[in-house]
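Read off the chains here:
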Amino acid sequence: MDLDDIAARLGVPVEEVERVHRLAGDHPSAPLPAKADAPALLDRLAVRPDDAAEVMEGWPDSDSPLWTPELRWLLDRSIALVRADLGGHDWLSPGPELPRDRGPAWRHLYVYAYLALVDVVTEYHRDHGIDDPVTRVTLADLGRNLAVDRRMRREGWPVMQSWLTLHSRGGLYELGRLQYQRGGAELALHIPESGPMTPEAVAASLDEARAFFPRHFPEESYTAFSCGSWLLDPQLLEYLPGDSNIARFQQRFELEPYEEPEGLDADVEVRRFVFRTLATPLDRLPRRTALQRAVVDHLKAGGHWQWRRGLFPIRHG
C-alpha cells in the first residue's frame with residue numbers, strides 16, 4: 001500500500017507512517033494467539049472483564065469488517081517494529097496515536113500488537129532463565145494500564161502504548177513493589193499502582209533486584225538505582241509528614257540539579273497519576289488522602305510541581 005494513502009486513511013501524519021515503515025523494515029511480524037485462546041490469555045494478563053470484552057469484540061479475524069487494509073498493515077508493521085528491538089530498553093513508540101472513537105479495532109490496535117508479542121518476549125525471558133512468576137506479573141501490567149485508561153475516560157493510552165513496549169521487549173521487570181528498566185549504568189525505578197509504597201516493600205523489592213539482574217543479565221553492570229518522577233519533588237515534604245512513605249522513599253536518593261525535561265509538564269503528570277484524570281477542575285478533585293490534598297493545595301496556591309531525578313548506589317542499604 002502507498003504510505004501517503006495509509007496515512008490519509010488512518011488520519012495520521014504521513015511522517016509517522018513512514019517512521020513505522022522504516023523501523024519495521026523487513027523484520028518479521030508475529031501471529032496473534034488463536035481467538036479461542038485469547039480469553040485465558042487476557043485473564044492471565046489481568047485484563048478486567050469489561051476491557052477483555054472490548055478486546056474480543058474488535059479481534060482481528062480474517063473476515064472482520066472492522067479491520068480495513070490500512071489497520072491490518074499498521075498492526076503487522078507495529079508488531080514487526082517492536083519485535084525488531086527485542087531486548088531493547090529505551091522508550092519506543094509502536095506507531096501513531098489513533099482516533100480511538102472509531103471502534104474497538106482502532107482503540108485496541110496496540111493491545112493486539114502486545115498480545116502477539118507475549119510468546120516472543122516469554123521465550124526471551126526463558127532464554128535468560130527468568131522464572132514464569134516474574135514473567136506473568138511483569139506482562140500483567142497490560143491489564144492494570146487498560147483499567148487506568150478506562151478510569152481516565154481514554155486519556156491514558158497515548159502514554160501507555162509506548163510504555164508497554166518496554167515489557168514486550170524484555171526491557172522492564174516487575175519485582176515486588178517496583179518495576180525496573182534496564183539500560184546504561186543505572187536501573188531505572190518505576191512505581192506501579194499496586195498498593196502502599198511502604199519502606200519495607202521498597203527494601204524487599206530493591207533486594208530482589210540486586211540479585212535478579214546479575215543472575216539473568218550477567219553481561220550488564222549497574223552501579224546505581226535511578227528514578228525520574230514528581231514523587232522526588234522536595235516540595236512534597238512541605239505538605240506530607242516526615243515519616244510518610246513518599247518522604248521515606250525520597251530519603252534514599254541524591255537529587256541531581258533541577259532541569260525541566262523538554263516536553264514534560266510535571267503538573268499534568270501529577271494529576272495523571274494521583275487522580276487519573278486530566279479534565280476534572282481542581283475544585284472537584286478528591287481530597288481523601290494527604291497526597292491528594294497536597295497536590296490540590298499547591299496548584300490552587302499558584303505553585304507548580306517539578307519532575308526530579310535522583311540516584312543512589314546499588315549496594316546502598
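Scroll up a little and you will see the structure.
Residues numbered from 1 in each chain as written. Predicted model: local features only at pLDDT ≥ 70, side-chain atom pairs only at ≥ 80, totals over all residues. Heavy atoms only, no water.

Colleague: Let's hear about the overall build of the protein chain: which residues, and what values?
Modeller: Each helix and strand counted, the protein chain has 14 helices and six strands in total. A compact globule built from 317 residues would reach a C-alpha radius of gyration of about 20 Å, and the protein chain, at 20 Å, matches this within 12%. Viewed in the frame of its principal axes, the protein chain has a C-alpha envelope of about 60 × 50 × 35 Å. Counting only residues that meet the buried cut, the protein chain has 52% of its 317 residues in that class. Sequence separation of 24 or more characterises 71% of the internal contacts of the protein chain that already satisfy a separation of 6 or more. As presented, the protein chain carries roughly 14700 Å² of accessible surface, and 51% of it is formed by carbon and sulfur atoms. With 37 positive and 50 negative side-chain charges, the protein chain shows a spacing of 5 Å between the two charge centroids. (Helix = DSSP H or I, 4+ residues; strand = E, 2+ residues; numbered from the N terminus. Rg over C-alpha atoms; globule rule 2.2 N^0.38 Å. Buried < 20%, exposed > 50% of the residue type's maximum accessible area, 1.4 Å probe, protein only. Contact = heavy atoms within 4.5 Å. Areas by Shrake-Rupley, 256 points an atom, 1.4 Å probe, with all protein chains shown as cover. Lys, Arg positive; Asp, Glu negative; His and termini not counted. Charge placed at Lys NZ, Arg CZ, Asp CG, Glu CD.)

Colleague: Kindly report on the pattern of salt bridges, identifying the contributing residues and their values.
Modeller: Scanning the entire structure with this criterion turns up 22 salt bridges. With a closest N to O distance of 3.1 Å, R276 and E193 form a salt bridge. Here R276 is found in the loop between α13 (266–275) and α14 (290–300), whereas its partner E193 is found in the loop between β3 (186–190) and α11 (199–216), with 83 residues between them in sequence. Across the salt bridge formed by E269 and R272, the nearest N and O atoms sit 3.4 Å from each other. You can see E269 and its partner R272 sitting in helix α13, three residues apart, about one turn around the helix. Judged by its relative accessible area of 13%, E269 is buried. What emerges from the salt-bridge pattern is a single network uniting R48, D50, D51, E54, R107 and R150. (Salt bridge = Lys/Arg side-chain N within 4 Å of Asp/Glu carboxyl O.)

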